[in-house]
Amino acid sequence: MESEKIFIQSKEKIKNNYEAYSEYFTEIMQNIVKVLQEKISLSSQPTYKARVKSFKSYYKKVLRLKAEESKETEGLIYLTDMMGIRMICSFLEDINIALNQIKQIFEIKEVEVKGAEKKFSEFGYESIHVLVKIPESCKPDSTKFKDLKPLSDELVCEIQIRTILQDAWAEVEHELIYKTEFSPFDKPLRRKLASLNASLTLADITFQEIRDYQKKLQKELEDRRKSFYNLADNLLNEKTEKKEEPEDINRITPFVQGTIDDMLLSAIHAHNAGKLEEAVEIYTKILNAVNDEDKNVIAVIRKHRGMAYFSMNKFEDALADFDISIQYDPKAYRTYYYKGIVYSILKKYPESIDNFTKSLEINKFQAHTHFRRAMAYFEVREYEKSMSDLNAAINLGMDVEECKPLQEKLTKKFGLSM
């Protein structure tokens, strides 16, 4: 029979043949992991686990395989998962990103979504398995393994792409079910396993939703901060600049309307869209909804509302909110910077310098804060301090062209040529 050719060898012979390649396989995997670490780029870098399949698991699989599902070369029976690498990602979105990047790096033999066929009531967890051909660059030095017979080009390595929670389930499932060849028949126990799987799946989805929310919020915050800086530049330099229309939020996340998270995102989006009265109204609603113990929330919302007031040219209201924000978060160096900007616009330069200084005492690596303090020092005729701050700003990456007007003024004061 066709299937008998697999078992012509004794178990001991199969074991010797297989284990002879253990170090060879290990080196291949180390090389592949190194390539993955160098070339896979995700927002949160994955971790990797690599293993050569144990002989016990290998032999058990060989025995239950049909002849056509395995290949024998030079006495070694090939399996597709003799070498296995797990790429463990933080979020669901990372899985497809990683898969697409792997496709750009390696020659792909097969991609399979494990667990996709299961019903929702069944326990089991999805994982993407990718079989990649071993690149020549990842094969060990042949002189190091000269006693081993060359293997076929059909040799592959399996890369499993999972989230942290998918990997945790896979580890437990392997111990409870696969390793013991036990699938529980008791319905209450099956329900518990299904419930646990559903909980982990829901947790993964929720983590991704929170991640989506954070990205949207961060984008809105960056736009709002950029808008503040542009407005400050325009007011200080007496320039006018056309305001860009913000992108629509197009929420993906299912946060309940009216919650603080949802209200904050709406407020910042309204702020960025120039709907300042609406933004202030939402910020105020949030402040009225939180307790005094929620120090971080109060500090953040007061800061945002202060920036909205600033955009409305209500500078005293902005300063009042910034002061309260700092009371709740004394280490908020950006809030000190915002206060310094307001005082500069009001031409209260000593107060401006004081706030820029407090900001830099918390975080000295702020190019714009050094630059703004340099401008304030110039106004109070502290030219040496102004030059020192200007140099610090340039060293920290401040645009040289933006610094040039102040630099020219200072060189004239010192009687120097540029």
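Described below are features of the structure shown in this document. (Residues numbered from 1 in each chain as written. Predicted model: local features only at pLDDT ≥ 70, side-chain atom pairs only at ≥ 80, totals over all residues. Heavy atoms only, no water.)

### Focus: the packing of aromatic side chains
Put simply, the rule is: Side-chain rings of Phe, Tyr and Trp (the six-membered ring for Trp) are treated as a pair once their centres are within 6.5 Å; stacked means planes under 30 degrees apart, edge-to-face means over 60, and tilted covers the remaining angles. For the purposes of this entry, the term helix denotes a DSSP run of H or I that reaches at least four residues, the term strand denotes a run of E that reaches at least two, and both are numbered from the N terminus. Throughout, exposure labels follow a simple rule: accessible area from a 1.4 Å probe, protein chains only, divided by the maximum for the residue type, with under 20% read as buried, over 50% as exposed, and the rest as partly exposed.
Applying the stated criterion to the full structure yields 14 aromatic pairs. Ring plane angle 10 degrees and centroid distance 3.8 Å describe the contact between Tyr18 and Tyr58, whose orientation is recorded as stacked. In this pair, Tyr18 sits in helix 1 (residues 11-20) while Tyr58 sits in helix 3 (residues 55-64), placing the two residues 40 residues apart along the sequence. The exposure classification of Tyr18 matches that of Tyr58, with both residues buried. Ring centres 5.9 Å apart and planes at 40 degrees place the aromatic pair Phe322 and Tyr338 in the tilted group. Of this pair, Phe322 sits in helix 10 (residues 315-328) while Tyr338 sits in helix 11 (residues 333-345); the two residues are 16 residues apart in sequence, bridging distant segments of the chain. Given the relative accessible area of 0%, Phe322 is considered buried. Counting every residue linked through ring pairs, the aromatic cluster contains Tyr18, Tyr21, Tyr24, Phe25, Phe55, Tyr58, Tyr59 and Phe145.

### Focus: the nonpolar core
Which entries qualify depends on this criterion: Residues belong to a common nonpolar core when they are buried Ala, Val, Leu, Ile, Met, Phe, Trp, Tyr or Cys residues joined through side-chain atoms within 4.5 Å. Contacts between residues were defined by any pair of non-hydrogen atoms, one from each residue, lying within 4.5 Å.
Counting residues in each nonpolar core, the largest one holds 46 residues, and the members touching the most others are Phe25, Ile32, Leu36, Tyr58, Ile102 and Ile161. Here the element with the most residues in this core is helix 2 (residues 22-39); it accounts for eight residues. The contact partners of Ile161, leaving out residues within four places of it in the chain, are Met87, Cys89, Ile95, Ala98, Leu99, Ile102, Ser127, Ile128, Val130 and Gln166. Ala308, Ala318, Phe322 and Tyr343 belong to the second-largest nonpolar core, a separate cluster that totals 33 residues.

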